[in-house]
Amino acid sequence: MRLYFKYLGIQLRCQMQHKGSFFLNMIGQALTSLTTFLGVYFMFLRFHTVAGFTFEEVLLCFATVLLCFSAAECFGRGFDAFSRMLGNGQFDRILVRPRNEALQVLGTNVDFTRLGRFLEALAVFAYAIPKCGVAWTWDKAATLLMMLVCGTAVFIGLFVVYASLCFFTTEGLEFINIFTDGGREFGRYPFSVYGGRVLKFFTFVVPLALFQYYPFLYLLGRAQHWWYCLLPPISLLFLIPCRFLWKLGVRHFRSTGS
Amino acid sequence: MIELRGISKTYKVARRNAGFAEAARALFRREYEYVRALDEVCFAVETGEMVGYIGPNGAGKSSTIKVMSGILTPDAGECTIDGLTPWKKRREHARRIGVVFGQRSQLWWDVPVVDSFELIRDIYEVDAAEYKRNLEELTELLELSQIMRTPARQLSLGQRMRCEIAASLLHSPSILFLDEPTIGLDAVSKLAVRAFIKELNARRKTTVILTTHDMNDITALCERVLLIGRGRILFDGSFGELRGLYREAPGADPNASSEELVAALYKEMKI
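Residues numbered from 1 in each chain as written. Chains lettered and ligands numbered in written order. Predicted model: local features only at pLDDT ≥ 70, side-chain atom pairs only at ≥ 80, totals over all residues. Heavy atoms only, no water.

(A) Region of the structure containing a nonpolar patch on the surface. A cluster of nonpolar residues, Phe23(A), Leu24(A), Ile27(A), Leu31(A), Leu34(A), Leu38(A), Tyr41(A), Phe42(A) and Leu45(A), forms a patch on the protein surface that exposes about 890 Å² of accessible area. Examined against the element boundaries, Phe23(A) turns out to sit in helix 2 (residues 19-46). (Patch = residues over 30% accessible without salt bridge, like charges linked within 9 Å, V, L, I, M, F, W, Y side chains within 5 Å. Areas by Shrake-Rupley, 256 points an atom, 1.4 Å probe, with all protein chains shown as cover. Salt bridge = Lys/Arg side-chain N within 4 Å of Asp/Glu carboxyl O. Helix = DSSP H or I, 4+ residues; strand = E, 2+ residues; numbered from the N terminus.)

And the structure:
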């Protein structure tokens with residue numbers, strides 16, 4: 001863990017060397033998400049509720065997913081850009097160093113400009129938290145925090161799946177983006193608005209709903225069961241197959257050498 | 001002590017003829033060709049030896065280095081390096097070896113080289129006193145004091161290579177693999193790198209295995225030469241013996257440079 005912070009330090013110093021592109025990238029990242037935000041805003045100018053959720057409620061959901069995604073993209077960038085690392089032989093270098101492979105991949109590529117989105121998500125939170133009509137109590141605040149932490153972990157898990165597949169295909173498989181970028185875009189609204197099947201998929205296969213939809217209902221006081229607030233940690237189970245796939249990929253790489 | 005016994009490795013390579021129709025066909029039905037990159041490679045290197053590893057492009061030099069550094073798992077054969085099998089004990093083994101890939105950088109591009117050194121120190125968990133001692137020694141021998149505060153991207157190739165070599169030695173490895181360390185360097189830098197490797201071997205008794213296409217590297221540094229071609233070790237002995245082998249061949253030119261000599265041998269051995 002200490003080593004990871006050292007990696008963060010050197011990455012930050014690297015990126016601050018080019019301060020022009022650092023800030024422009026950051027603003028660019030924030031702007032692209034702003035259009036998503038405006039999409040939600042204009043939707044609510046026409047309709048006052050979407051599937052029973054008000055504007056402020058949806059904003060809370062939107063900010064949660066955006067924050068998780070941007071944090072995952074910032075810290076999990078190494079996995080997101082992994083095909084490049086395989087291509088230029090950087091992964092060979094990782095294998096001749098006496099540390100965990102995944103830790104080194106995480107440390108080799110951290111993209112702080114992604115925090116542009118992060119800041120935007122925080123701004124939306126600042127607006128939505130007092131306005132969304134949730135009576136904030138300690139347990140609800142803790143639930144929200146868990147949603148954020150577990151959500152980030154699940155998105156990083158998706159990046160790991162993406163990276164692991166690179167071992168077998170060399171090129172990245174863009175279809176995984178349906179779950180990463182797609183997850184971010186779908187995640188603007190509680191998953192129930194897309195119907196039962198989509199909700200089931202995002203509950204049992206790619207557990208985005210476990211940190212977004214169910215605990216969100218708990219926050220709003222509409223949950224059918226009190227234990228919905230405990231679902232975010234369950235989503236971490238998703239990391240087990242991710243880890244397995246990663247190990248499989250590394251083994252494949254070391255036996256084929258490409 | 002490095003020992004390889006019967007190391008074999010076969011790669012699966014997709015092959016197709018030129019043209020769009022062929023490309024489209026290959027999308028569905030692919031014809032593979034099996035290339036034997038390493039074919040029963042056997043050799044042993046004593047501690048403190050300096051060995052030159054030569055062979056034409058694609059002969060299996062890099063694959064051997066990858067096997068010995070624990071990146072690649074061979075299909076068959078055994079390899080023990082100071083008692084460990086590299087691909088089974090990757091991390092433990094990694095602490096004892098240094099690897100320089102001449103064609104790739106391990107330095108962080110945008111920060112001063114010394115920052116990279118410090119991160120590498122933390123990756124290898126080198127203790128402070130040892131790091132200080134190594135850094136001072138390497139700075140002196142490789143004349144790094146002027147360039148250590150410069151970001152890696154602003155260094156010349158020769159300067160950068162000196163830093164790469166230093167970076168691979170900060171954890172005092174007992175074995176050093178150099179994969180084409182003099183590639184693209186000017187004469188001054190080449191001499192500096194050679195002088196350093198020689199000094200390192202004399203001072204620390206570091207075992208050095210060096211792949212190169214520059215025969216002057218070999219004649220300047222290595223008592224012993226391994227020649228690999230099409231995955232097989234074809235020659236193991238001194239450069240003088242290699243020269244002798246060539247002289248016996250018909251049509252040998254007694255004044256041939258070492259470059260011409262090796263080229264003639266590659267041709268003769270059909271590799």
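(B) Representation of the nonpolar core. Grouped together as the largest cluster of nonpolar side chains are 165 residues, with contacts concentrated most on Phe82(A), Phe91(A), Trp246(A), Phe117(B) and Phe177(B). What Phe82(A) contacts, discounting residues up to four positions off in sequence, is Phe91(A), Val105(A), Ala163(A), Cys166(A), Phe167(A) and Trp246(A). (Core = buried A, V, L, I, M, F, W, Y, C linked by side-chain atoms within 4.5 Å. Buried < 20%, exposed > 50% of the residue type's maximum accessible area, 1.4 Å probe, protein only. Contact = heavy atoms within 4.5 Å.)

(C) Quick look at the interface of chain B and chain A. The interface is formed by 31 residues belonging to chain B together with 26 residues belonging to chain A. Taking both sides of the interface into account, the surface hidden between chain B and chain A amounts to around 2800 Å²; carbon and sulfur atoms contribute 51%. Looking only at chain B, the three residues that lose the most surface to chain A are Ile71(B), Arg90(B) and Ile123(B), adding up to 24% of its buried area. Taken together, the connections running from chain B to chain A amount to 6 salt bridges. Measuring nitrogen to oxygen at the nearest pair gives 2.6 Å for the salt bridge that ties Asp115(B) to Arg13(A). The interface formed by chain B and chain A contains 19 residue pairs in polar contact (both at pLDDT 80 or more). Of all the secondary structure elements, the ones that give two or more residues to the side of chain B that touches chain A are strand 1 (2-15), helix 3 (90-96), strand 5 (97-101) and helix 4 (113-124) of chain B. (Buried area = accessible area lost by both parts, 1.4 Å probe. Polar contact = N/O pair within 3.5 Å; in protein donor to acceptor, adjacent residues only side chain to side chain.)

(D) A look at unusual backbone geometry. Residue and element names in this part refer to chain B. Phi at Glu125 is positive, roughly 50 degrees, even though this residue is not glycine. Along the chain, the position of Glu125 falls in the loop between helix 4 and helix 5 (128-142). Although it is not a glycine, Glu180 sits at a positive phi angle of roughly 50 degrees. Mapping Glu180 onto the fold places it in the loop between strand 6 (175-179) and helix 7 (187-204). The class for Glu180 is buried, based on a relative accessible area of 11%.

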